[in-house]
Amino acid sequence: MRLSARVDYALRAAAELALAAAAPVRTLLTAEQVARAQGIPPKFLESILLQLRRAGVVQAQRGPDGGYWLARPAEQISLAELIRVIDGPLAHVRGHRPEELGYQGAAAALQEVWIALRASEREILEAVSVADVATGKLPERVRDLTADPNAWS
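Definitions and limits used
Residues numbered from 1 in each chain as written. Predicted model: local features only at pLDDT ≥ 70, side-chain atom pairs only at ≥ 80, totals over all residues. Heavy atoms only, no water. Salt bridge = Lys/Arg side-chain N within 4 Å of Asp/Glu carboxyl O. Helix = DSSP H or I, 4+ residues; strand = E, 2+ residues; numbered from the N terminus. Buried < 20%, exposed > 50% of the residue type's maximum accessible area, 1.4 Å probe, protein only. Pairing = 2+ DSSP bridges. Polar contact = N/O pair within 3.5 Å; in protein donor to acceptor, adjacent residues only side chain to side chain. Contact = heavy atoms within 4.5 Å. 1 Å grid on protein atoms, 1.4 Å probe; cavity = no way out; pocket = protein on both sides within 12 Å on 5 of 7 lines; lining within 4 Å. Points joined across faces, edges and corners; volume = space filled by probe spheres on them.

This part takes up the pattern of salt bridges. On inspection of all chains with the given rule, the structure shows four salt bridges. Salt-bridge contacts for Asp 8 lead to Arg 12; the nearest nitrogen and oxygen are separated by 2.9 Å. Placement of the pair is Asp 8 and Arg 12 together in helix H1 (residues 5-21), with a separation of four residues, close to one helical turn. Using a relative accessible area of 33% as the deciding quantity, one classes Asp 8 as partly exposed. Among the salt bridges present, the one from Arg 84 reaches Glu 126, with a minimum N-O distance of 2.7 Å. Residue Arg 84 is found in helix H4 (residues 79-87), and its partner Glu 126 is found in helix H5 (residues 110-127); the two are separated by 42 residues along the sequence. A relative accessible area of 39% places Glu 126 in the partly exposed class.

Attention shifts here to the pairing of strand E1 (residues 58-61). In terms of strand pairing, E1 meets strand E2 (residues 67-70) through four bridges, oriented antiparallel. Bridging across to E2, Gln 59 finds its partner in Trp 69. Connecting E1 to the next strand, E2, in antiparallel fashion are five residues, including Gly 63 with a positive phi near 105 degrees.

Take the side chain of Ser 78 next. You can see Ser 78 is positioned in the loop between E2 and H4. On the basis of relative accessible area, Ser 78 is assigned to the buried category, the value being 10%. A distance of 3.1 Å separates the side chain of Ser 78 from the backbone nitrogen of Glu 81, its partner in a polar contact. Setting aside residues no more than four positions away along its own chain, Ser 78 makes contact with Leu 125, Glu 126, Val 128 and Ser 129.

This part takes up the layout of surface pockets. Of the volumes computed, that of the largest pocket is approximately 340 Å³. Lining the largest pocket are 15 residues, with Arg 2, Leu 90, Ala 91, His 92 and Glu 121 sitting closest to its centre. At the level of secondary structure, the elements contributing two or more residues to the lining of the largest pocket comprise H4 and H5. In terms of residue count, the dominant contributor to the lining of the largest pocket is H5 (three residues).

So this is what it looks like as structure tokens:
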């Protein structure tokens, strides 16, 4: 799986906003605060936050007390949703959805492999919420997969 820098930054920014949302008092974060906390180029982050705002994932308030916050509880925002907002569908092969591909002969089974890969990817990314990432309390299925030393190489 290959994720773009935009997706990586969006996921990290959402985790920061989730952490702020968990504070006892509603805390808005500026793009600059999020960028600094995560080491993200501020101008790049602003365009990502705009994309997330247009998709209804984050909200913004202008002014001296302004900033960004998650539009819904972090528990209701999956990593898959964020990836789709930023980069579109989860799995493509040469720019096509796996079910649109046609392989022949000895390679015919590749289509099923790509569809299974997408299903597996979806299973994890739909199960993990922004809150899970922000708190470090990942679902058991994810913890089980990462407990395998071979997963790290």
